Amino acid sequence: MKKLTALSLSLLFATVALADESHFTKYDADGDQAVRYIEFAQKKVSEFQALDRDRSKTLTSAEFEKSEPAAEWDLFALPEFAKMDVDGDANVAFKEYGSAVKKVFDTLDAIESGTPDGQVVKGEYLAAVSQKKAAASAAAAATAAQKGSAGLKKGSTTQPKK
């Protein structure tokens, strides 16, 4: 049974790793294991155009909600609609969208060295995804532990005798 569980976990982690790699590859248009800003921006412009159903060069919240939901660890994901709507007019103009795209790329670009070098290398991206997942897992464990200790304080503090 332990071997089966270990094998299942190994397959799960391998599947997740492949998903991370395929997500990176989606933006690496020339397949050189690095995503440059132009590749990233072109993909995001295509996504904007696909969402902008009425071709108004702005996205409404209804249009934006039709986008594919990003995984919480997706480092290429854009912020939620309200954060991109800088002028507060309930629309995200192409310029606002472009600013969000640039900010996401620049943040990723500076991960390894602390300063942008114009590209996000696959190894950097995968390492950053692993760090984000580990931080999320640790935060979830801490939250669960807090809820568990809060439950003990509210309920009985005695443990059943064995």
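Scroll up a little and you will see the structure.
What this report covers is the structure whose coordinates are included nearby. The structure presented is a predicted model; accordingly, all values stated were derived computationally and were not measured.

1. As for the overall build of the protein
No. 1: When you go through the protein residue by residue, the secondary structure sums to six helices and four strands.
No. 2: When each of the 162 residues of the protein is scored for burial, the buried share is 25%.
No. 3: Across the protein, every contact between residues at least 6 apart in sequence was considered, and the portion connecting residues at least 24 apart equals 54%.
No. 4: By element, 60% of the accessible surface of the protein is carried by carbon and sulfur atoms, the whole surface being about 10,900 Å².

2. Some words on the side chain of Asp85
No. 1: Tracing the backbone shows Asp85 in the loop between helix H4 (81-84) and strand S3 (91-93).
No. 2: Here Asp85 is buried and forms no salt bridge, its nearest opposite-charge partner Lys95 lying at an N-O distance of 13 Å.
No. 3: At 3.3 Å, the side chain of Asp85 forms a polar contact with the backbone nitrogen of Asp89.
No. 4: Among all residues touching Asp85, those that are not within four sequence positions of it are Ala90, Asn91, Val92 and Glu96.

3. A look at helix H5 (residues 94-109)
No. 1: For H5, with 16 residues, the first-to-last C-alpha span of 22 Å sits near the 22 Å given by 1.5 Å per residue.
No. 2: In this fold, the buried residues of H5 make contact with strand S1 (34-36), helix H2 (37-51), strand S2 (58-60), H4, S3 and strand S4 (119-121).

4. Here's the deal with the environment of Pro116
No. 1: Mapping Pro116 onto the fold places it in the loop between H5 and S4.
No. 2: Beyond its immediate stretch of four places on either side in the chain, Pro116 contacts Asp109 and Ala110.

5. So, unusual backbone geometry
No. 1: Phi is positive for Arg55, which is not a glycine, with a value near 55°.
No. 2: A relative accessible area of 57% places Arg55 in the exposed class.
No. 3: Even without a glycine there, the phi angle at Lys57 is positive, about 65°.

6. Describing the pattern of salt bridges
No. 1: Considering all chains together, one arrives at five salt bridges under this definition.
No. 2: With a closest N to O distance of 3.2 Å, Lys44 and Glu47 form a salt bridge. Here Glu47 and Lys44 lie together in helix H2, a separation of three residues that amounts to about one turn.
No. 3: Look at Lys44 and you get buried, because its relative accessible area is 5%.

7. Notes on the nonpolar core
Buried together is how nonpolar side chains tend to be arranged in soluble globular proteins.
No. 1: Grouped together as the largest cluster of nonpolar side chains are 24 residues, with contacts concentrated most on Phe40, Phe76 and Tyr97.
No. 2: Elements represented by at least two residues in this core include exactly helix H1 (2-27), H2, H4, H5 and helix H6 (122-154).
No. 3: Not counting the four nearest positions on each side in its chain, Phe76 is found in contact with His23, Phe24, Tyr27, Val35, Phe40, Lys44, Val104, Leu108 and Tyr125.

8. Things to note about the packing of aromatic side chains
No. 1: Taken as a whole and judged by the stated rule, the model has seven aromatic pairs.
No. 2: With centroids separated by 5.4 Å and ring planes inclined at 70°, the aromatic side chains of Tyr37 and Phe105 adopt a geometry described as edge-to-face. In this pair, Tyr37 is assigned in helix H2 and Phe105 in helix H5, connecting sequence segments 68 residues apart.
No. 3: Residue classification places Phe105 among the buried positions, given a relative accessible area of 1%.
No. 4: Taking the centre distance of 5.1 Å and the plane angle of 80° together, the rings of Phe48 and Phe94 count as edge-to-face. With a gap of 46 residues between them, Phe48 in helix H2 and Phe94 in helix H5 connect regions that are remote in the sequence.
No. 5: Given a relative accessible area of 38%, Phe94 falls into the partly exposed group.
No. 6: An aromatic cluster of at least three residues, connected via ring pairs, comprises Tyr27, Tyr37, Phe40 and Phe105.
No. 7: When the ring centre of Tyr37 is taken as origin, the NZ or CZ atom of Lys102, which lies over that ring, is 4.7 Å away.

Rules and cut-offs
Residues numbered from 1 in each chain as written. Predicted model: local features only at pLDDT ≥ 70, side-chain atom pairs only at ≥ 80, totals over all residues. Heavy atoms only, no water. Helix = DSSP H or I, 4+ residues; strand = E, 2+ residues; numbered from the N terminus. Buried < 20%, exposed > 50% of the residue type's maximum accessible area, 1.4 Å probe, protein only. Contact = heavy atoms within 4.5 Å. Areas by Shrake-Rupley, 256 points an atom, 1.4 Å probe, with all protein chains shown as cover. Lys, Arg positive; Asp, Glu negative; His and termini not counted. Salt bridge = Lys/Arg side-chain N within 4 Å of Asp/Glu carboxyl O. Polar contact = N/O pair within 3.5 Å; in protein donor to acceptor, adjacent residues only side chain to side chain. Expected span 1.5 Å × (residues − 1). Core = buried A, V, L, I, M, F, W, Y, C linked by side-chain atoms within 4.5 Å. Phe/Tyr/Trp six-rings, centres within 6.5 Å; stacked < 30°, edge-to-face > 60°. Lys NZ or Arg CZ within 6 Å of the ring centre and 35° of its normal.

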